[in-house]
2 protein chains.
Amino acid sequence: MSFSPLIRQLIEALRTLPGVGPKSAQRMALHLLERDRSGGLRLAEALQAAMHGVGYCNRCRSLSETEVCRLCTDPRRDDSLLCILQSPADVWAVEQAGGFNGRYFVLKGNLSPIDGLGPDEIGIPALLAQLEQREVAEVILATNPTVEGEATAHYIASLLKPRGIRVSRIAHGVPLGGELEFIDGGTLAHALAGRTLIS
Amino acid sequence: MSFSPLIRQLIEALRTLPGVGPKSAQRMALHLLERDRSGGLRLAEALQAAMHGVGYCNRCRSLSETEVCRLCTDPRRDDSLLCILQSPADVWAVEQAGGFNGRYFVLKGNLSPIDGLGPDEIGIPALLAQLEQREVAEVILATNPTVEGEATAHYIASLLKPRGIRVSRIAHGVPLGGELEFIDGGTLAHALAGRTLIS
Ligand SMILES: [Zn+2]
Ligand SMILES: [Zn+2]
């Protein structure tokens, strides 16, 4: 059917959200128009405020609406541990997992020469500059276990080890609660190669 | 984790959309902030325009941004057939199914004495007033096949038959207990074509 312009534009705009197809977008538009106009207006305001007001932290380079984010300024966190990730989404994931109390540094993706992404593009110079100024005892490389993520981790390790900084890589293997028969072969091979002795 | 205020408000506002849980809302917020800020701003504008600009058609009472909607003004549609539905979502569903070329009238839900919804509340007086002024040969009752929808259909049939208006009910194909807006188009088109007279 042909919707009137305002309704059509709303449905199309909702489809820019990830995971929202034409049917979901229609259902969302109807719900807001029929049952929750104030919710629709609040969403519009929240979108405008966030799109204009959220930038990047000067220190960790994750998303932040202040020059330096709360994770970087929190005095209770451990300055001697620096976890290197490849996106703000990964910072959120690690924070929600809990258990890590150090600082973060977010790369702009991974090294990918094919895509023109070299050390400068992903933020290596800024990382090195920060390591000059700060007392970091250990850098934890938490880039994804993909070809690019591994290459990036190894590249960073090769730069940091001559500077006397301890460099570690997050463990990869079978996820907790996972069943071996459903794990992909690459992960399983990695888990076997990275086995640890039970003492 | 504790998000900064603008990001937290955005995630909360996205959760007002139907079918969006906390994880989806986070993913949507990240997607817009990291990859599609202009899409986020377009969505904000579309929301504001639609929430303020979309009202209800004076004639069929479906959603419309003009006093009388395009379905009511389209000269190619058949004035002698009037399909009665219980929500704008159902108009969209019937239009998308195709095969119906008459006019619509949208009730504000169904009769439900327990919820205080009587004939006045769902718009029966307006329906009768329109039938006084228009040449309608047949009224098709397409309320949902639920207890309330059936009761509403029978109530309207009891009012219209003494006025010499042919009254039919959609049938065959819409599963009992189902909701029209979630039925596939083919079933819905079949149900309309196979409507039976209420004797
Ligand atoms: Zn920061
Ligand atoms: Zn209309």
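Cut-off values and rules
Residues numbered from 1 in each chain as written. Chains lettered and ligands numbered in written order. Predicted model: local features only at pLDDT ≥ 70, side-chain atom pairs only at ≥ 80, totals over all residues. Heavy atoms only, no water. UniProt positions renumbered as here; feature names shortened; annotations may be inferred. Helix = DSSP H or I, 4+ residues; strand = E, 2+ residues; numbered from the N terminus. Rg over C-alpha atoms; globule rule 2.2 N^0.38 Å. Buried < 20%, exposed > 50% of the residue type's maximum accessible area, 1.4 Å probe, protein only. Contact = heavy atoms within 4.5 Å. Areas by Shrake-Rupley, 256 points an atom, 1.4 Å probe, with all protein chains shown as cover. Lys, Arg positive; Asp, Glu negative; His and termini not counted. Charge placed at Lys NZ, Arg CZ, Asp CG, Glu CD. Domains from an automatic or database assignment. Donors = N, O, S within 2.8 Å, 3.2 Å for Na, K, Ca; no water. Tetrahedral: all angles 85-135°; square planar, octahedral: opposite > 155°, others 65-115°. Buried area = accessible area lost by both parts, 1.4 Å probe. Salt bridge = Lys/Arg side-chain N within 4 Å of Asp/Glu carboxyl O. Nonpolar A, V, L, I, M, F, W, Y, C, P; charged D, E, K, R; others polar. Pairing = 2+ DSSP bridges. Right-handed = clockwise from strand over helix to strand, strands pointing away.

If you check an unreviewed UniProt entry, chain A appears there as Recombination protein RecR from Halopseudomonas yangmingensis. The Function (unreviewed entry) comment attached to chain A in UniProt states, word for word, "May play a role in DNA repair. It seems to be involved in an RecBC-independent recombinational process of DNA repair. It may act with RecF and RecO."

Peer 1: Pulling in residues and values, what's your account of the overall build of chain A?
Peer 2: Each helix and strand in chain A was counted, giving nine helices and six strands. Relative to a compact globule of 199 residues, whose C-alpha radius of gyration would be 16 Å, chain A shows 22 Å and is clearly more extended. Seen through its principal axes, chain A has C-alpha atoms that stretch 65 × 45 × 35 Å. For chain A, the proportion of its 199 residues judged to be buried stands at 42%. Across chain A, every contact between residues at least 6 apart in sequence was considered, and the portion connecting residues at least 24 apart equals 49%. If you sum the accessible surface of chain A, you get close to 10,800 Å²; carbon and sulfur atoms cover 55% of it. Side chains of chain A carry 20 positive and 22 negative charges; the gap between the two charge centres is 4 Å.

Peer 1: Which residues make up the domain arrangement of chain A, and what are the values?
Peer 2: What the domain assignment reports for chain A is domain 1 (13–53) and domain 2 (71–169). Of note, the centres of domain 1 of chain A and domain 2 of chain A, computed from C-alpha atoms alone, are 35 Å apart.

Peer 1: Describe the coordination of the zinc ion (ligand 2), and please don't skip the residues or the numbers.
Peer 2: Residue and element names in this part refer to chain B. Protein-derived coordination of the zinc ion (ligand 2) comes from Cys57 (SG), Cys60 (SG), Cys69 (SG) and Cys72 (SG), at a distance range of 2.3 Å. Around the zinc ion (ligand 2) sit four donor atoms, and with donor-metal-donor angles ranging over 105 to 118° the site reads as tetrahedral. Sequence positions of the donors to the zinc ion (ligand 2) reduce to the motif C-x2-C-x8-C-x2-C. The burial state of Cys69 is the same as that of Cys72; both residues are buried.

Peer 1: Summarise the UniProt feature "domain: Toprim" (unreviewed entry) in chain A; cite the residues concerned and give the values.
Peer 2: Look at the UniProt record and you will see "domain: Toprim" (unreviewed entry) annotated at residues 80–175 of chain A. Along residues 80–175 of chain A, the helical share is 40% and the strand share 18%, with 28 Å between the first and last C-alpha atoms.

Peer 1: Now, about the coordination of the zinc ion (ligand 1): what can you tell me, with residues and values included?
Peer 2: Residue and element names in this part refer to chain A. Coordination of the zinc ion (ligand 1) by the protein is provided by Cys57 (SG), Cys60 (SG), Cys69 (SG) and Cys72 (SG), with metal-donor distances spanning 2.3 to 2.4 Å. Here the zinc ion (ligand 1) binds four donor atoms, and the angle range of 105 to 118° at the metal identifies the geometry as tetrahedral. Here the donor residues for the zinc ion (ligand 1) map to a single chain with the spacing C-x2-C-x8-C-x2-C. Placement of the pair is Cys60 in the loop between β1 (55–56) and β2 (63–64) and Cys72 in helix α4 (residues 70–73), with a sequence separation of 12 residues. Looking at Cys72, the relative accessible area reads 6%, which means it is buried.

Peer 1: Can you explain the interface of chain B and chain A? Please cite residues and give values.
Peer 2: Each partner contributes residues to the interface: chain B has 53 residues there, and chain A has 51 residues. For the pair chain B and chain A, the summed buried surface comes to about 5,400 Å²; carbon and sulfur atoms form 70% of the total. Counting the contacts that link chain B with chain A gives zero salt bridges. Elements with a contribution of two residues or more to the side of chain B that touches chain A: α1 (5–14), α2 (22–35), α3 (37–53) and α5 (88–97) of chain B. Residues belonging to the side of chain B that touches chain A are distributed by class as follows: 31 nonpolar, 12 polar and 10 charged.

Peer 1: An account of the pairing of strand β3 (residues 81–85) of chain A is requested, with residue identities and associated values reported.
Peer 2: Residue and element names in this part refer to chain A. Counting buried residues in β3 gives four out of five residues, a clear majority hidden from the surface. Direction of pairing for β3 relative to strand β4 (residues 103–106): parallel, over a ladder of four bridges. Considered in β4, the bridge of Cys83 is made with Tyr104. You can see the chain leave β3, run along helix α5 (residues 88–97) and come back into β4, and the turn it takes is right-handed.

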